Amino acid sequence: MKQLLTTILLTLMSLASSHSQENLSYQLPPQSILQLADYQRPPSVAMDTRKTFMLLSYRPTYKSLDDLNQQEISLAGLRVNPVTNISSSMSYISSLKMRKLTDKEPVEFVGLPQSMRIANVLWSPDETKVAFTNTVTNGVELWMADFNTAKATKLTNAVLNANVGNPVNWFRDSKSLLVRMLPANRTELIDGKKALPTGPIISVSDGSKSQNRTYQDMLKNPTDEVNFVTLTTSELYKINLDGTKKLFKEADLYVNEIISPDGNYVLVTTLCKPFSYIVPLNRFPQVNVVYDAVGSKVKTVNEVPLSEVLPKGFMAVRTGKRSLSWRADEPSTLFWVEALDGGDPQKEVEFRDAVYTHKAPFVEEPELLCKTTLRFSRLVWGNATTAVLNEEWYDTRQMKVSVINPSNPEQAPRLFSARNFQDVYADLGDFETQKNTYGKYVLTIEGGNAYLLGDGFTAKGQFPFIDELNLSTLKTKRLYQSALTDKMEEIQDIVDVKKGEVLVRMQSKNEFPNYFIRNIKKRIAPQQITYFKNPFESIAGVHKEQIKYKRADGVELSGTLYLPAGYDQKTKTEKLPLLIWAYPAEYKDKNSAGQSTANPNEFTYPYYGSFVYWVTRGYAVLDDAAFPIVGEGKIEPNDTFVPQLVANAKAAIDAVDSLGFIDRKKVAVGGHSYGAFMTANLLTHCELFACGIARSGAYNRTLTPFGFQSEQRNYWDVPEVYNIMSPFMQADKMKTPMLLVHGEADNNPGTFTLQTERYFQALKGLGAPARMVILPKEQHGYVARENILHLLWEQDRFLEKYLK
């Protein structure tokens, strides 16, 4: 009888486990993980350039599921709440406080809204005020907070239109703002589910090649077009700080407004028809018009047609004017870039781009400023005789930095730096900037010298630096280099060049990042100016170190190793299960691939995007393990993607195993997005892992036929590469337990939720041990507390089952 009952019980358990779904409510992870995950996030910090005031922005650690359960409409790449007229994925600030740097404690602005959902915080040009939006149940309000009085004031009711981004700009006087507002006669949105079509949906290919990525949330029909116009139509108003307003421009599809440094002109970008059903709104037709300070038209400076068709490659750009904006160092001079190669990176030409300038009121002809041999990247303006030109070329990973003389276009750019932009050990740093009389950021120049702030990554560790660059000789002189080996120091800003005062942020693995004023001319201790506490004291005893090792082909690799608190590293009698979290990266040379930007003194900040939580559950964790994919010369990285993945994984396991800490039969791998793609491939093509966790990945590359990640070739160029790299195509080989997780509303190009659903169906149909968890309402990254804590429970249960 007993044997019969046992047989029945086992049969029932077998039948239960074979069901397709589980009816499961939200669960909580074990207490050791929960106390780390359920913490209060410290505020973010912003300071004025004079380092007089500090603005502290407090955000909830997580959103709630109710926050995600709002009305949403998705059109042309936008996801907005049609009731409040702001992005449906906006992360709000729940409190704003200010502090004088000479004070110890922050104070909350008086008069802030009772229920704060603050966004779009923008400092005034004179840095005495901030404007911000506050979202209420029926829309978006405009507010202002004054640092001198510590008071906040409401400037408008819920009438702002933030559907295409920040709707607020300060005028130069810091007394008025240019604001996008809902038109008074706004039409109602059409219910697309109820509207009867007047005909079929027809798209046409005219024979031009258009190799676009797989964008989501595109327009699909004429009803979408009408609703898109309704959502993006605004009126521009000039609003004074006393709340009075004046119409600046009548209703149109405004998407961007840039006020000239002197405040006399406004460059306005407006969308036009025809719209597209295959590319997002930033590639719709646009018109750029300059208006004067009272809204009178000065000149139409650019007209951009619909940009559905581009040449192949990451360096492909559209023809005509692009990157149109104001020079930061002059009162009202526009600059822009135009392709000299037709925007086609496949063309062999001497110069790729040309940069032009045009002074308002645009009576004279534009002037050629310079030409670039690579693709234009950006310009850092300084003064009439100095600017810094950046150009790059992705295919070779090359970048160039040159100093140019804007007053003498005939003078050739003077090359300062040329390197592989992935060669971080050769990085000379970023140019320091400061605000000029117009309130715009320009190069910091003192006595003919500019200044560079560098991260200071080296083979021996990270040692940030400040260099002085002689603008005549282009020779550098080192003014300061951090020598800390027990802390991580980040150089944020030069406060005063002459006094040698520098703003830095310092941290250690158990000390939360805080700000200090360091004097690089005096041998005195840095002056601490923030005092944030460590919210993760429970893992203070965890062992953390940076380990370095080599792949079989000699490529240098690294990762951050965590061991449980109290683990006996001398006797090593207990062999731990190992968790590896990684994300592949493509390189064009082994030298760059072998460089590390990890710092063992970086504060240990556990979050759902890594396995660090599980060090409290008795696991060894190798976080941010290096997984380079290298393709040198004419060989592309993805040509040998799978063998290199396996080689990276074996090297990582061998390295930790050689330390004597782990049971190499109990190793799991995990990753998010491209890391999930990596995980699925590893479980398919090797037997190194006992299980794996793949989150929000893409598994069938034929569904991203015109490129993915860093792959520029299309499916028909290299079908064998796409097929071999696709775990979906090799689903019959996958026999290792896998936990698949995806957000229900993933809008990331390429990682449609369908990717995980179809992959799971294939695995289930072929008998592979897999579990799929779809997190309600989540996009590509997860934000709701209920979903994140349940995710941690799922992962913990999965790891305990297959590794312990």
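Report follows, based on the coordinates. As the structure is a computational prediction, the values presented were derived from the model and not from experiment.

A closer look at the overall build of the chain
Right, so step 1: Helix and strand counts for the chain stand at 10 helices and 49 strands.
Right, so step 2: Since a compact globule built from 804 residues should have a radius of gyration of about 28 Å, the 28 Å found for the chain is in line with a globular shape.
Right, so step 3: For the chain, the proportion of its 804 residues judged to be buried stands at 53%.
Right, so step 4: Once local pairs closer than 6 in sequence are excluded, the contacts in the chain between residues at least 24 apart make up 58%.
Right, so step 5: Of the accessible surface of the chain, which amounts to about 36,100 Å², a share of 50% is contributed by carbon and sulfur atoms.

Points about the sheet that holds strand 9 (residues 129–136)
Right, so step 1: Strand order in this open sheet of 4 strands is 8-9-10-11, and the pairing throughout is antiparallel. Each of the sheet's edge strands pairs with one partner strand only, and the pair in question is strand 8 (118–123) and strand 11 (151–154). Neighbouring strand axes in the sheet, compared pairwise and without regard to direction, differ in orientation by 25 degrees on average.

Some words on the side chain of Asn648
Right, so step 1: Topologically, Asn648 is positioned in helix 6 (residues 641–658).
Right, so step 2: Assessed through its relative accessible area of 0%, Asn648 is described here as buried.
Right, so step 3: Within the structure, Asn648 has its side chain in polar contact with the side chain of Arg551 (distance 2.9 Å).
Right, so step 4: In this structure the side chain of Asn648 is engaged in a polar contact, spanning 3.0 Å, whose partner is the backbone oxygen of Pro628.
Right, so step 5: Those residues in contact with Asn648, other than ones at most four positions away along the chain, are Arg551, Leu557, Ala626, Phe627, Pro628 and Ile629.

Digging into unusual backbone geometry
Right, so step 1: Pro274 follows Lys273 through a cis peptide bond whose omega is 10 degrees.
Right, so step 2: Here Pro274 shows up in the loop between strand 17 (265–271) and strand 18 (286–292).
Right, so step 3: For the bond running from Ala360 to Pro361, omega is 10 degrees, close enough to zero to count as cis.
Right, so step 4: With respect to the helices, strands and loops of the structure, Pro361 is situated in the loop between strand 22 (353–359) and strand 23 (367–372).
Right, so step 5: Phi at Leu474 takes a positive value of approximately 60 degrees, unusual for a residue other than glycine.
Right, so step 6: Locating Leu474 in the fold gives a position in the loop between strand 34 (465–470) and strand 35 (476–481).
Right, so step 7: Exposure remark for Leu474: the relative accessible area of 15% places this residue in the buried category.
Right, so step 8: Phi is positive for Ser696, close to 55 degrees, though the residue is something other than glycine.
Right, so step 9: Among the structural elements, Ser696 can be located in the loop between strand 47 (691–695) and helix 8 (719–725).

Some remarks on the nonpolar core
Right, so step 1: Formed by 60 residues in total, the largest nonpolar core has its most connected members in Ile580, Leu622 and Phe689.
Right, so step 2: For this core, the element with the highest residue contribution is helix 6, accounting for 9 residues.
Right, so step 3: Among all residues touching Leu622, those that are not within four sequence positions of it are Ile547, Tyr549, Gly559, Thr560, Leu561, Leu578, Leu579, Ile580, Trp581, Ala652 and Val656.
Right, so step 4: Among the nonpolar cores identified, the runner-up in size contains 48 residues, and Leu34, Tyr58, Phe603 and Ile788 belong to it.

Let's talk about the pattern of salt bridges
Close approach of charged atoms allows side chains with opposite charge to pair.
Right, so step 1: Inspection of the entire model under this criterion finds 36 salt bridges.
Right, so step 2: Residues joined in a network through salt bridges with shared partners are Arg322, Asp341, Arg352, Asp353 and Arg375.

A closer look at the state of the cysteines
Right, so step 1: Counted under the stated rule, the structure contains 0 disulfides.
Right, so step 2: Cys691 takes part in no disulfide bond, and the closest cysteine sulfur, belonging to Cys686, lies 12 Å away.
Right, so step 3: A relative accessible area of 0% means that Cys691 is categorised as buried.

Some thoughts on the packing of helix 6 against helix 7 (residues 674–685)
Right, so step 1: Running from N to C, helix 6 and helix 7 cross one another at 85 degrees; their axes reach a closest spacing of 10 Å. The angle between helix 6 and helix 7 places the two elements in the roughly perpendicular class. Counted together, Phe641, Val642, Leu645, Val646 and Ala649 of helix 6 and Tyr674, Phe677, Met678, Asn681, Leu682 and His685 of helix 7 form the full contact between these two elements.
Right, so step 2: When its residues are assigned to classes, the contact of helix 6 with helix 7 shows 9 nonpolar, 2 polar and no charged.

Observations concerning the packing of aromatic side chains
Right, so step 1: Summed over all chains, the structure comprises 38 aromatic pairs.
Right, so step 2: Ring geometry for Phe228 and Phe275: centres 5.2 Å apart, planes at 80 degrees, overall edge-to-face. Here Phe275 lies in the loop between strand 17 and strand 18 and Phe228 lies in helix 4 (residues 222–232), a separation of 47 residues in the sequence. Here Phe228 and Phe275 have matching classes, each one buried.
Right, so step 3: Here the basic side chain of Lys321 rests over the ring of Trp336, its NZ or CZ set 4.3 Å away from the ring centre.

Section: the sheet that holds strand 47
Right, so step 1: Taken together, the 8 strands give an open sheet; going across it, the order is 40-41-44-42-46-47-48-49, and neighbouring strands pair in mixed fashion. The open sheet terminates on both sides in strands that have one partner only, identified here as strand 40 (543–550) and strand 49 (770–775). With strand direction ignored, the average angle separating the axes of adjacent strands in the sheet is 20 degrees.
Right, so step 2: Of the strand pairs in this sheet, strand 48 (residues 738–743) and strand 49 are connected by 6 bridges, and their pairing is parallel. Note that in strand 49 the partner of Gly743 across the bridge is Leu775.

Details of the pairing of strand 46 (residues 662–672)
Right, so step 1: With 5 bridges joining them, strand 42 (residues 576–582) and strand 46 adopt parallel strand pairing. Residue pairing for strand 46: Leu576 is matched across the bridge by Ile662.
Right, so step 2: Pairing of strand 46 with strand 47, which is carried by 5 bridges, proceeds in the parallel orientation. Bridged to Ala668 within strand 47 is Cys691.
Right, so step 3: The parallel pair strand 46 and strand 47, bridged by helix 7, forms a crossover whose chirality is right-handed.

Observations concerning the side chain of Asp423
Right, so step 1: Here Asp423 is to be found in the loop between strand 27 (414–420) and strand 28 (430–431).
Right, so step 2: Buried charge without a partner: Asp423 forms no salt bridge, and the closest opposite charge is Arg419, 5.9 Å away.
Right, so step 3: Each residue touching Asp423, except ones within four places of it in the same chain, is listed here: Asn591, Ser592 and Gln595.

Observations regarding the pairing of strand 34
Right, so step 1: Counting buried positions over the 6 residues of strand 34 gives 5, a clear majority of the element.
Right, so step 2: Across 6 bridges, strand 31 (residues 449–454) lies against strand 34 in antiparallel orientation. Bridge pairing links Ala450 to Leu469 in strand 34.
Right, so step 3: Taken together, the 5 bridges between strand 34 and strand 35 define a ladder with antiparallel strand orientation. By the bridge assignment, Glu468 is partnered in strand 35 with Lys477.
Right, so step 4: Taken together, strand 34 and the strand that follows it, strand 35, pair antiparallel across an intervening segment of 5 residues, in which Leu474 is found at a positive phi of about 60 degrees.

Quick notes on helix 9 (residues 753–765)
Right, so step 1: Compared with an ideal rise of 1.5 Å per residue, which puts 13 residues at 18 Å, helix 9 spans 19 Å between its outermost C-alpha atoms and is within 8% of the ideal.
Right, so step 2: Along its buried surface, helix 9 packs onto helix 7, strand 48 and strand 49.
Right, so step 3: Positive phi shows up at Gly767, right after helix 9, with a value of about 85 degrees.

The rules behind the values
Residues numbered from 1 in each chain as written. Predicted model: local features only at pLDDT ≥ 70, side-chain atom pairs only at ≥ 80, totals over all residues. Heavy atoms only, no water. Helix = DSSP H or I, 4+ residues; strand = E, 2+ residues; numbered from the N terminus. Rg over C-alpha atoms; globule rule 2.2 N^0.38 Å. Buried < 20%, exposed > 50% of the residue type's maximum accessible area, 1.4 Å probe, protein only. Contact = heavy atoms within 4.5 Å. Areas by Shrake-Rupley, 256 points an atom, 1.4 Å probe, with all protein chains shown as cover. Pairing = 2+ DSSP bridges. Axes fitted to C-alpha atoms, helices over the stretch in contact; angles between N-to-C directions. Polar contact = N/O pair within 3.5 Å; in protein donor to acceptor, adjacent residues only side chain to side chain. Core = buried A, V, L, I, M, F, W, Y, C linked by side-chain atoms within 4.5 Å. Salt bridge = Lys/Arg side-chain N within 4 Å of Asp/Glu carboxyl O. Disulfide = S-S within 2.5 Å. Parallel < 35°, antiparallel > 145°, perpendicular 65-115°, else oblique. Nonpolar A, V, L, I, M, F, W, Y, C, P; charged D, E, K, R; others polar. Phe/Tyr/Trp six-rings, centres within 6.5 Å; stacked < 30°, edge-to-face > 60°. Lys NZ or Arg CZ within 6 Å of the ring centre and 35° of its normal. Right-handed = clockwise from strand over helix to strand, strands pointing away. Lys, Arg positive; Asp, Glu negative; His and termini not counted. Expected span 1.5 Å × (residues − 1).

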